[in-house]
Each structure stands twice: as C-alpha cells, then as structure tokens.
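Single-letter residue listing:
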Amino acid sequence: DVVVSGTLHATTFVARVDENVSGSLHVPNDLFVSGTAVLNNARGADNDFIVRSQNRSHAVFVDSSNSRVGIGFGVEETNNMLAANPTLDSTLHVAEPDGQLIVTLENEKSGSTAGDVQVDFKLGGTTKWAIGVDDSNDDKFNLVSGGTLGSNRYISAETTDSTQAELIINED
C-alpha cells in the first residue's frame, strides 16, 4: 500500500483498480486498458459516453437514454467546458458541419472470396431493401428487395471498362 499526502510526480504510474470508482476519475494524459472496459455497466443508469476531439465537443457520442450513437457532432470549443449534448434523430447519425461528408464501408479482403459490401434497410427486424457491391457478380452495384444482393434486383450498375458503364433496371 502506498499513501501519499500531497503530490506524487512520476514519469510512469501503473494503477490496478479492482473496485468501482464513485465520482470522477480524471486521467490527464494517456489511459491504457489491458482488459475489457465496460462503460455504463449498470444498464439502468442514464450515463452517456462522450469522446472529445481536438476541436469538437462530441466527436463520438452515445446517448444511453435513447440507445443512439452520433459521430462528428458537437460545437467547436473555445474553452475546456463540455457543450450541451447534441440531439440525435436516428440510431446512427453521422454529421459533418464543415463540408463534404464521406462515409466509407470497406471490405479489406480482396480476390475471388472477398465477399460483398452491403447496407441493409430493415423494418421490424426484416430487411426490406439492401444496396451494395455484389462480389460474386463482377462487383455490380445493386439495389435489391430483401437482403441478398444477387437476387430481386431493381437497379444494377456495372462498369464494362474504364470508359463505359451500364445501368440495368428490373433485371430479375
């Protein structure tokens, strides 16, 4: 046991916490977690999770009372005070207040077994529509009814070479 009355200066400090921390835990520099970190483990508590960036108050924001996630939110801060929580109007809300918003979905695997890149649109747990790149069909970009990119295609687009593209409507 170490008891410090006053200030302790150290280049590296390793602390093992096996108990709950009530109140605030302030870490002024880097925090490394070697095990699992669980935030808001009480589940009934209305405790949001906020990650601040260099100039945004809510770069990542989890609204625990509404089960929603926001990315790229908040205002530019001129002081060290946290701005009011943003209002999220969807389950996942991505914002870019300063210009062009680009969202990338990437399958880093390549070759004949890379697999599809797909976004599903569900109602009541059932996929009604999907869009994506169908790896098994020459990387065509498809809009389909249901969750399989290779069937029930309403719109399919493909490039035939570097100068031509083809758009097919109601192929199936």
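As a convention, each chain's residues are numbered from 1 in the sequence order in which they are written. A pLDDT threshold of at least 70 governs which residues receive local features in this predicted model, and a stricter bar of 80 or more applies before side-chain atom pairs are shown or counted, although totals over entire chains, interfaces and linings include all residues. Side-chain measures here rest on the full set of heavy atoms in the structure, leaving out hydrogens and waters.

Peer 1: Quick one: what's the story with the overall build of the protein chain, residue by residue and with numbers?
Peer 2: The secondary structure content of the protein chain amounts to zero helices and nine strands. Only DSSP runs of H or I with at least four residues qualify as helices, and only runs of E with at least two residues qualify as strands; both kinds are numbered from the N terminus onward. Traced from its N-terminal end to its C-terminal end, the protein chain shows the element sequence β-β-β-β-β-β-β-β-β. Relative to its 172 residues, the protein chain shows a buried fraction of 15%. Sequence separation of 24 or more characterises 16% of the internal contacts of the protein chain that already satisfy a separation of 6 or more. We call a residue buried when its accessible area falls under 20% of the maximum for its residue type, exposed when it is over 50%, and partly exposed in between, using a 1.4 Å probe and counting protein chains only. The criterion used for residue contact is that any of the two residues' heavy atoms lie within 4.5 Å.

Peer 1: Report on the sheet that holds strand 7 (residues 140-145), specifying residues and quantitative values.
Peer 2: As summarised here, the arrangement of the five strands in space is 5-6-7-8-9, forming an open sheet in which the pairing is antiparallel. The sheet is open, and its two borders are formed by strand 5 (117-123) and strand 9 (165-169), each paired with just one other strand. Strand-to-strand, the axes of this sheet are offset by a mean angle of 10 degrees, without reference to chain direction. In this structure, strand 8 (residues 153-159) lies alongside strand 9, joined through five bridges in antiparallel fashion. Its bridge partner lying in strand 9, glutamate 158 is registered against glutamate 166. Two strands are said to pair when DSSP picks up at least two bridges between them. Lines are fitted to the C-alpha atoms to define the axes, a helix being fitted only along its stretch in contact, and any angle between axes, read from their N-to-C directions, falls within 0 to 180 degrees.

Peer 1: Could you give an account of the environment of leucine 39, with specific residues and numbers?
Peer 2: The topology assignment puts leucine 39 in the segment before strand 1 (49-51). Taking the C-alpha atoms as reference, leucine 39 lies 7.6 Å from phenylalanine 49; in sequence the two are ten residues apart.

Peer 1: How would you explain the confidence of the model for the protein chain if you had to name every residue and give the values?
Peer 2: Looking at the protein chain, pLDDT values average 76 and 70% of them are 70 or higher. Of all helices and strands in the protein chain, the one with the weakest mean pLDDT is strand 4 (residues 92-94) (73), whereas strand 7 scores best (92). Each residue carries a pLDDT value, the predictor's own confidence for that position, ranging from 0 to 100.

Peer 1: Give me the environment of aspartate 116: which residues, what numbers.
Peer 2: When you line up the elements, aspartate 116 lands in the loop between strand 4 and strand 5. For the pair aspartate 116 and leucine 149, spaced 33 residues apart in sequence, the C-alpha to C-alpha distance is 8.1 Å. Each residue touching aspartate 116, except ones within four places of it in the same chain, is listed here: Asn107, Val133, Asp134, Asp135, Ser136 and Leu149. Polar side-chain contacts of aspartate 116 include one of 2.7 Å to the backbone nitrogen of aspartate 135. Throughout this description, a polar contact denotes any pair of N or O atoms lying within 3.5 Å of each other; where both atoms belong to protein, one of them has to be capable of donating a hydrogen while the other can accept it, and for residues adjacent in sequence the pair is counted only when both atoms sit in side chains.

Peer 1: Could you give me a rundown of the environment of isoleucine 131, with the residues and numbers involved?
Peer 2: Tracing the backbone through its elements, the reader meets isoleucine 131 in strand 6 (residues 126-134). As for isoleucine 131 and phenylalanine 141, which are separated by ten residues in sequence, their C-alpha atoms are 7.2 Å apart. Each residue touching isoleucine 131, except ones within four places of it in the same chain, is listed here: Val117, Gln118, Val119, Phe121, Phe141, Asn142, Leu143 and Leu149.

Peer 1: Please set out unusual backbone geometry residue by residue, giving values where relevant.
Peer 2: The phi dihedral of aspartate 138 is positive, around 55 degrees, even though this residue is not glycine. Along the chain, the position of aspartate 138 falls in the loop between strand 6 and strand 7. Positive phi, close to 60 degrees, is recorded for aspartate 139, a residue that is not glycine. On the basis of relative accessibility, which here comes to 46%, the residue aspartate 139 falls in the partly exposed class.

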